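Letter by letter, the chains look like this.
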Amino acid sequence: QVQLVESGGGLVQAGGSLRLSCAASGPIASIRTMGWYQQAPGKQRELVAHITSGGSTNYADSVKGRFTISRDNARNTVYLEMSSLKPKDTAVYYCNAVLRTTTKNFYTNYWGQGTQVTVSS
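Keep in mind the model is a prediction, meaning the values are calculated, not measured. (Residues numbered from 1 in each chain as written. Predicted model: local features only at pLDDT ≥ 70, side-chain atom pairs only at ≥ 80, totals over all residues. Heavy atoms only, no water.)

Q: What exactly am I supposed to notice about the state of the cysteines here?
A: Put plainly, a disulfide is one covalent bond tying together the sulfur atoms of two cysteines. Scanning all chains against the criterion turns up one disulfide. Here cysteine 22 connects covalently by a disulfide to cysteine 95, the sulfurs 2.0 Å from one another. Given an S-S torsion of about -80 degrees, the disulfide between cysteine 22 and cysteine 95 has left-handed geometry. Within this pair, whereas cysteine 22 is found in strand β3 (residues 18-25), its partner cysteine 95 is found in strand β9 (residues 91-101), the two being separated by 73 residues in sequence. Cysteine 22 sits in the buried class, given a relative accessible area of 0%. (Disulfide = S-S within 2.5 Å. Helix = DSSP H or I, 4+ residues; strand = E, 2+ residues; numbered from the N terminus. Buried < 20%, exposed > 50% of the residue type's maximum accessible area, 1.4 Å probe, protein only.)

Structure (C-alpha cells):
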C-alpha cells in the first residue's frame, strides 16, 4: 500500500533551521500535489506549504520568507527547509500527498505519521 514516511524533525533553538523530508512509496501512478501541514497542541491541522507536480508553490502567511518547499518528482519526495524558526512553529508536521495509485482512476489524500518539531526560546 501507499506509505508516506517523514524524517528530519527534532529540537532546535529559536533562529535555527531544520529540513524535513517525506518520501512516498508503493503502487503510485501519479502525484498531483505534495505538502506539509502543522498541528500544534489543541489546534486544528493547518497548511504550511504545498507544491504541485509542475513546481507551483503556496505558503501560509506565517512562514513566507522563512520556509521553502521543494520536490523531487523522480523520487516522489517532498522537502521543507525551515529557517529562522520561532517557538510558535512548534508542532507536529504532517506530510500530505494527493495521488492516484496504479489500481484506481481517481486521486486520494494520503498522510504521513507526523514528525515533531520543537523550537525552544
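Q: Even after reading the chapter, I still don't get the sheet that holds strand β7 (residues 67-72), so can you show me in this structure?
A: Within a sheet, each strand pairs with its neighbour through backbone hydrogen bonds, oriented either parallel or antiparallel. Sheet architecture is open: four strands sit in the order β1-β3-β8-β7, paired in antiparallel fashion. A single partner strand is all that each edge strand has here, and the edge strands are β1 (3-7) and β7. Strand-to-strand, the axes of this sheet are offset by a mean angle of 15 degrees, without reference to chain direction. Pairing of β7 with strand β8 (residues 77-82) involves six bridges; the strand directions are antiparallel. Considered in β8, the bridge of phenylalanine 67 is made with methionine 82. (Pairing = 2+ DSSP bridges. Axes fitted to C-alpha atoms, helices over the stretch in contact; angles between N-to-C directions.)

Q: How should I be thinking about the environment of glycine 54 in this particular structure?
A: Position of glycine 54 among the secondary structure elements: in the loop between β5 (46-52) and β6 (57-59). Along the backbone, glycine 54 and threonine 33 are 21 residues apart, and their C-alpha atoms lie at a distance of 9.0 Å.

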